[in-house]
Each structure stands twice: as structure tokens, then as C-alpha cells.
Amino acid sequence: MPDVSSLLRMAEARCHDNNVRFTPIRRRIFEIISAHSSGLKAYELLDLLSTEHASARPPTVYRALDFLLEQGLVHRIESLNAYVACPCPDHARGFQLMICRHCGLVEEMHDHDTMARLEETAAGHGFVIERQTIELSGVCQKCRQSP
């Protein structure tokens with residue numbers, strides 16, 4: 001996973017290229033998410049943000065999360081109702097998330113063969129996939145090696 005400053009530079013460039021505003025609140029929420037290797041829930045983000053911005057409220061966080069999702073800068077982990085930074089937003093349409101059930105580490109991968117097989121199978125049913133997210137729950141290498 002890239003470091004926070006690399007992710008911020010990538011996010012700024014993407015927002016610039018898409019001609020959208022990367023406001024200070026959006027930036028700060030993205031920065032907080034990027035600093036965590038496990039997913040953060042909206043209310044966890046609100047708690048962290050409210051220490052800096054006393055006026056922060058749930059709608060502030062949810063609007064920023066919607067923006068970050070639209071730009072492909074974060075992923076929503078459906079099974080945890082949490083958010084994680086996306087290191088490669090150009091692949092936001094199809095990806096797999098490996099989620100460690102011990103430490104919470106979330107890693108993104110792109111198995112293009114799996115994505116192609118799913119698209120082919122869906123097409124056989126007359127269905128067009130617009131977005132696919134596969135969540136894999138298990139134990140990361142570090143946790144498996146810990147006594």
C-alpha cells in the first residue's frame with residue numbers, strides 16, 4: 001500500500017483531472033482513511049474528524065465519502081460497512097478485497113481472469129456487470145505466522 005502522501009498526491013491529481021474540488025474536509029477524510037490499513041466506519045471517521053473540526057456532523061462525513069467513492073478514491077467494504085483508500089482508482093470498476101479477520105488489514109488485488117470469467121458468465125445470462133467487488137475474508141500472512 002502506498003504511503004499517505006503518495007495517496008494524497010494521486011487524489012489531488014485525479015480531482016484536478018476530473019475538474020472537481022478536493023475541499024479541505026474531503027482531503028482530511030481521505031487522509032484519515034489513507035492512514036489506516038483497515039477499513040474505517042463513517043462514525044469512526046466522524047469521531048476522528050470532530051477532534052479537529054468541532055462542527056463536523058454525520059452529513060459532512062457522508063457527503064465526503066460519497067464524493068470519494070464517485071472519484072474512485074475509496075472503496076466501501078460492504079461486509080463491514082467501512083471504507084478503505086484505493087491505491088489505483090483506474091481499477092475502481094472491478095477489484096477484489098482481501099480482509100484479514102484477525103488484524104483487519106485490507107488489501108486490494110486485481111485478478112483480471114476472475115473478472116473476465118464473471119463478465120462472460122453474466123453475459124451468458126444477458127446481464128451486463130457495471131461494477132464488481134469481491135470481498136475475501138481470511139487471515140493475512142502476518143497473522144498466520146504470529147504464534
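Higher on the page you've got the structure.
All values derive from a computational prediction rather than experimental measurement. (Residues numbered from 1 in each chain as written. Predicted model: local features only at pLDDT ≥ 70, side-chain atom pairs only at ≥ 80, totals over all residues. Heavy atoms only, no water.)

Engineer: Outline the nonpolar core, listing residues and values.
Structural biologist: Membership of the largest hydrophobic core comes to 25 residues, with the highest contact counts inside it found for Phe22, Ile29 and Phe30. Secondary structure elements with two or more residues in this core: helix H1 (4–17), helix H2 (24–34), helix H3 (42–50), helix H4 (58–70) and strand S2 (82–85). Here Ile29 is in contact with Leu45, Leu49, Thr60, Val61, Ala64, Leu65 and Leu68, once residues within four sequence places are set aside. The next biggest cluster of nonpolar side chains, apart from the first, holds six residues, and it includes Ile77, Val84, Phe95 and Leu97. (Core = buried A, V, L, I, M, F, W, Y, C linked by side-chain atoms within 4.5 Å. Buried < 20%, exposed > 50% of the residue type's maximum accessible area, 1.4 Å probe, protein only. Helix = DSSP H or I, 4+ residues; strand = E, 2+ residues; numbered from the N terminus. Contact = heavy atoms within 4.5 Å.)

Engineer: Quick rundown of the packing of H2 against H3? Include the residues and the values.
Structural biologist: Contact geometry of H2 with H3 gives a least axis separation of 11 Å together with a crossing angle of 115°. On the basis of their axis angle, the class for H2 and H3 is roughly perpendicular. Where H2 crosses over H3, the handedness of that crossing is right-handed. Of H3, the residues touching H2 (which contributes Arg28, Ile29, Ile32 and Ile33) are Leu45, Leu48 and Leu49. (Axes fitted to C-alpha atoms, helices over the stretch in contact; angles between N-to-C directions. Parallel < 35°, antiparallel > 145°, perpendicular 65-115°, else oblique. Left-handed = near helix turned anticlockwise from the far one by under 90°.)

Engineer: Mind laying out the pairing of S2, listing which residues take part and the relevant values?
Structural biologist: Each regular strand shows side chains that alternate between the opposite faces of the sheet. Neither face of S2 is exposed, since Ala82 and Val84 on one face and Tyr83 and Ala85 on the opposite face are all buried. Here four bridges tie strand S1 (residues 74–77) to S2, and the two strands are oriented antiparallel to one another. Its bridge partner being in S2, Ile77 is matched across the sheet by Ala82. Taking the residues that link successive antiparallel strands as the turn, the S1-S2 hairpin has four residues, and the phi of Asn81 there is positive, at about 50°. (Pairing = 2+ DSSP bridges.)

Engineer: Residue-level account of the packing of aromatic side chains, with values.
Structural biologist: Summed over all chains, the structure comprises two aromatic pairs. Summarising the aromatic geometry, the rings of Phe22 and Phe30 are spaced 6.2 Å apart at their centres and angled 65° between planes, so their arrangement reads as edge-to-face. Each member of the pair, Phe22 as well as Phe30, is classed as buried. When the centroid spacing of 6.4 Å and the interplanar angle of 70° are considered together, the rings of Tyr43 and Tyr62 count as edge-to-face. A residue pair is termed long-range when its members are at least 10 positions apart, and Tyr43 in helix H3 and Tyr62 in helix H4 qualify at 19 residues. Judged by relative accessible area, Tyr62 falls into the partly exposed class, the value being 35%. A cation over an aromatic ring shows up here: Arg26 above the ring of Phe67, its NZ or CZ 3.8 Å from the ring centre. (Phe/Tyr/Trp six-rings, centres within 6.5 Å; stacked < 30°, edge-to-face > 60°. Lys NZ or Arg CZ within 6 Å of the ring centre and 35° of its normal.)

Engineer: Describe in detail the pattern of salt bridges, supporting the description with residues and values.
Structural biologist: Tallied over the entire structure, the rule returns four salt bridges. For the salt bridge of Arg28 with Glu31, the shortest nitrogen-to-oxygen distance reads 2.8 Å. With Arg28 and Glu31 both in helix H2 and three residues apart, this pair spans about one turn of that helix. Assessed through its relative accessible area of 24%, Glu31 is described here as partly exposed. (Salt bridge = Lys/Arg side-chain N within 4 Å of Asp/Glu carboxyl O.)

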